[in-house]
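Observations on the model geometry
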Amino acid sequence: MSESVFSERERIIAALSYPRSLMEQEVTRRQCPEHHRYNDRVEACRECLYILECQARSEQLAEASLQAASGSRLHTLLQLGMEYVSYQPECYDHRPEECACDHCGWLRRTRALLAGD
Ligand SMILES: [Zn+2]
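These numbers were taken from a predicted model, which means no experiment stands behind them.

When its secondary structure is counted, the protein chain shows 6 helices and 0 strands. Going from the N terminus to the C terminus, the protein chain shows its helices and strands as α-α-α-α-α-α. For the protein chain, the spread of C-alpha atoms along the three principal axes comes to 50 × 35 × 20 Å. For the protein chain, contacts bridging at least 24 residues in sequence account for 53% of all contacts bridging at least 6.

Here we come to helix 1 (residues 8-28). For helix 1, with 21 residues, the first-to-last C-alpha span of 30 Å sits near the 30 Å given by 1.5 Å per residue. Where helix 1 is concerned, the buried positions are Ile12, Ala15, Leu16, Tyr18, Pro19, Arg20, Met23 and Val27. The inward-facing, buried residues of helix 1 contact helix 3 (51-60), helix 4 (63-68), helix 5 (71-86) and helix 6 (102-114).

So, about the confidence of the model for the protein chain. Per-chain confidence: the protein chain averages 88 in pLDDT, with 95% of residues scoring 70 or above. When pLDDT is averaged over each element of the protein chain, helix 6 comes out on top at 94 and helix 3 at the bottom at 84.

Once that is clear, we can look at the nonpolar core. Counting residues in each nonpolar core, the largest one holds 12 residues, listed as Ile12, Ala15, Leu16, Tyr18, Met23, Val27, Tyr38, Cys54, Ala56, Leu61, Leu77 and Leu78. For this core, the secondary structure elements donating two or more residues are helix 1, helix 3 and helix 5. In contact with Tyr18, other than residues within four places in its own chain, are Val85 and Trp106.

In this section: the packing of helix 5 against helix 6. In contact at an axis separation of 10 Å, helix 5 and helix 6 are set at 155° when each is read in the N-to-C sense. In terms of orientation, helix 5 and helix 6 fall into the roughly antiparallel class. In terms of crossing hand, the pair formed by helix 5 and helix 6 is left-handed. On the side of helix 5, the interface is formed by His75, Leu78, Met82, Val85 and Ser86, while helix 6 contributes His103, Trp106, Leu107, Thr110 and Leu114.

Turning our attention to helix 6. Between its first and last C-alpha atoms helix 6 spans 18 Å; for 13 residues at 1.5 Å apiece the expected length is 18 Å, and the two agree. What helix 6 keeps buried is the set His103, Leu107 and Thr110. When helix 6 is viewed along its axis, its buried side chains cluster within an angular range of 75° and face the same direction. At its buried positions, helix 6 is contacted by helix 1 and helix 5. Residue Gly116 follows helix 6 closely and has a positive phi angle near 85°.

A word on the environment of Ala15. Looking at where Ala15 falls in the secondary structure, it is placed in helix 1. Classification of Ala15 as buried rests on a count of 20 C-beta atoms within 10 Å. Put simply, Ala15 and Asn39 are 24 residues apart on the chain and 26 Å apart in space, counted from C-alpha to C-alpha. Setting aside chain neighbours within four positions, we find Ala15 in contact with Leu78, Thr110 and Leu113.

The rules we used
Residues numbered from 1 in each chain as written. Predicted model: local features only at pLDDT ≥ 70, side-chain atom pairs only at ≥ 80, totals over all residues. Helix = DSSP H or I, 4+ residues; strand = E, 2+ residues; numbered from the N terminus. Contact = placed C-beta atoms within 7 Å. Expected span 1.5 Å × (residues − 1). Buried ≥ 20, exposed ≤ 12 C-beta atoms within 10 Å, placed from the backbone. pLDDT = per-residue confidence, 0-100. Core = buried A, V, L, I, M, F, W, Y, C linked by C-beta atoms within 7 Å. Axes fitted to C-alpha atoms, helices over the stretch in contact; angles between N-to-C directions. Parallel < 35°, antiparallel > 145°, perpendicular 65-115°, else oblique. Left-handed = near helix turned anticlockwise from the far one by under 90°. Arc of directions from axis to C-beta.

Here it is, written out as structure tokens:
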């Protein structure tokens with residue numbers, strides 16, 4: 001048996017859907033005149049508190065961008081995704097090595113993925 005049906009690339013793209021969905025929840029929690037699509041020509045977007053989440057979600061982490069991204073770019077995005085997940089306020093005092101919550105479980109799996117396991 002081959003070790004995986006999916007390439008590393010596909011697994012990274014799949015893993016990125018987790019931070020993307022967290023960003024999505026964060027961003028769509030508020031009313032947005034731009035319908036949660038970051039637009040750099042709109043002043044409300046440039047002043048928005050959720051600019052990073054929205055920009056990442058609608059541009060960098062969009063499915064089409066991920067499909068077009070290079071392998072090293074995907075690694076960088078996954079590292080950013082890990083930072084984003086580990087800084088979630090509800091994970092403040094978690095120990096990701098042993099915690100059973102979704103965030104920490106994702107962090108463990110993703111760390112293993114980046115390590116090539
Ligand atoms: Zn946890």
